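Residues per chain are reported as follows:
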Amino acid sequence: MIKRAIYWFRNNLRLRDNPSLTDAIARSEELLLVYVINPQLHNTHPLGFKRCGSYRWKFLAESVNELHESLKSTGGRLLIVQGNSAAEIARLAQKYHIKDIFAAREYGYTDTEIEKELSQNFNLHLYHDQLLLNPKYLPISLNTLPMVFSDFRKAIESDLQVRKEILPPKKKFSMDFNEQSVRIEPSQHKVDARSTFPFEGGESKAWSRLQHYFWGSGQLS
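Residues numbered from 1 in each chain as written. Predicted model: local features only at pLDDT ≥ 70, side-chain atom pairs only at ≥ 80, totals over all residues. Heavy atoms only, no water.

Caption draft 1: Up close: the sheet that holds strand β1 (residues 2–9). Across the sheet, which stays open at both edges, the five strands sit in the order β3-β2-β1-β4-β5 with parallel pairing between neighbours. Unpaired on one side and paired on the other, β3 (79–82) and β5 (123–127) mark the two borders of the sheet. Neighbour-to-neighbour, the strand axes of this sheet turn through a mean angle of 30°, independent of strand direction. Here four bridges tie strand β2 (residues 28–37) to β3, and the two strands are oriented parallel to one another. Bridge assignment links V34 to a residue of β3, and that residue is L79. Together, β1, β2, β4 (100–104) and β5 form the strand contacts of helix α1 (residues 19–27), whose direction differs from that of β2 by roughly 145°. Most of the contacts of helix α2 (residues 54–72) go to β2, to which it runs at about 160°, and overall it touches β1, β2 and β3. (Pairing = 2+ DSSP bridges. Helix = DSSP H or I, 4+ residues; strand = E, 2+ residues; numbered from the N terminus. Axes fitted to C-alpha atoms, helices over the stretch in contact; angles between N-to-C directions. Contact = heavy atoms within 4.5 Å.)

Here you go:
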């Protein structure tokens, strides 16, 4: 059992059906729950466009703030910091004498470079939380993946096993910290009434959307 670890929320801003968080809770006595805001999101890309528009920022802020409130219901706290992800995670790990970091794996170039940097000095436990299918459970090798989706579907669907849904934690599992948490304020972005995607951020809104899309509307079937 790990005495103390960091759980690093990245794009998986949810408690329900979160394999990496569930495993981190099971393997650790207490967790420092962290979300890092990258200040570069507010910068302009060299090609001239904003890295993060007002709608994306609104959605992100709503998602993080709902996660913060959901953690309160378990007696927990989310530490929100701003800065370079690798540097901030390393700083917190050193401050609280932590060697183990749990997180969902990301697949972009910048994200994988951050993972490589952190893995040099810490025990980094990464999980394929964002994939419909975990690569290690595929009945075929990644080196032999078909180039056409229909061929891929035919190769796996007969033996495909869907894991059971993981329920959200009920008890307190986060540690206390003596650091000021940053407050994320949503942008005052007004959704155009003509939009097909008037989405709000947050775990509860996501589950409502899934319920509507798959079962409520019947449009998928």
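Caption draft 2: Representation of a nonpolar patch on the surface within the structure. A cluster of nonpolar side chains, namely L210, Y213, F214, W215 and L220, defines an oily patch on the protein surface of about 520 Å² accessible area. Counting through the fold element by element, W215 comes out in helix α6 (residues 203–216). (Patch = residues over 30% accessible without salt bridge, like charges linked within 9 Å, V, L, I, M, F, W, Y side chains within 5 Å. Areas by Shrake-Rupley, 256 points an atom, 1.4 Å probe, with all protein chains shown as cover. Salt bridge = Lys/Arg side-chain N within 4 Å of Asp/Glu carboxyl O.)

Caption draft 3: Inspection of unusual backbone geometry at higher detail. Even without glycine at this site, D17 takes up a positive phi of about 55°. Positionally, D17 belongs in the loop between β1 and α1. Among the residues examined, D17 registers a relative accessible area of 17% and is labelled buried. Phi is positive for H97, close to 55°, though the residue is something other than glycine. Of note, H97 is situated in the loop between α3 (85–95) and β4. Its relative accessible area of 72% is what places H97 among the exposed residues. (Buried < 20%, exposed > 50% of the residue type's maximum accessible area, 1.4 Å probe, protein only.)

Caption draft 4: The packing of aromatic side chains, seen in detail. The full count for this structure, using the stated rule, is five aromatic pairs. Judged by centre distance (6.2 Å) and plane angle (45°), the rings of F149 and F152 are tilted. Here F149 pairs with F152, and both are found in helix α5 (residues 149–156), just three residues apart, close to one helical turn. Look at Y213 and F214: their rings are 5.3 Å apart centre to centre, the planes differ by 85°, and that puts the pair in the edge-to-face class. Judged by relative accessible area, which is 38%, F214 ranks as partly exposed. When the ring centre of W8 is taken as origin, the NZ or CZ atom of R10, which lies over that ring, is 4.2 Å away. (Phe/Tyr/Trp six-rings, centres within 6.5 Å; stacked < 30°, edge-to-face > 60°. Lys NZ or Arg CZ within 6 Å of the ring centre and 35° of its normal.)

Caption draft 5: View of α3. All buried positions along α3 are accounted for by S85, A86, E88, I89, A90, L92 and A93. Just past α3, the residue H97 takes up positive phi, approximately 55°.

Caption draft 6: Seen up close, the nonpolar core. With 27 residues, the main nonpolar core has F9, L31, Y35 and L78 as its most contacted residues. No other element matches α2, which puts six residues into this core. Those residues in contact with L78, other than ones at most four positions away along the chain, are F9, L33, V34, Y35, V64, L67, H68, L71, F177 and S181. The next biggest cluster of nonpolar side chains, apart from the first, holds 22 residues, and it includes A90, A93, I101 and M175. (Core = buried A, V, L, I, M, F, W, Y, C linked by side-chain atoms within 4.5 Å.)

Caption draft 7: Fine view of the side chain of E115. Of note, E115 is situated in helix α4 (residues 109–119). Looking at E115, the relative accessible area reads 6%, which means it is buried. In this view, E115 contacts R10, A104, R105, E106, L124 and L126; residues no more than four positions away in its chain are not counted.

Caption draft 8: Local environment of the pairing of β1. When you tally the buried positions in β1, you get six out of eight residues, the bulk of the element. Of the pairings in the sheet, the one linking β1 to β2 comprises seven bridges and is parallel in character. Bridge pairing in β2 places I2 opposite S28. Once you follow β1 into α1 and on to β2, the crossover reads as right-handed. Summarising the sheet, β1 and β4 pair through four bridges and their orientation is parallel. Bridged to I6 within β4 is I101. (Right-handed = clockwise from strand over helix to strand, strands pointing away.)

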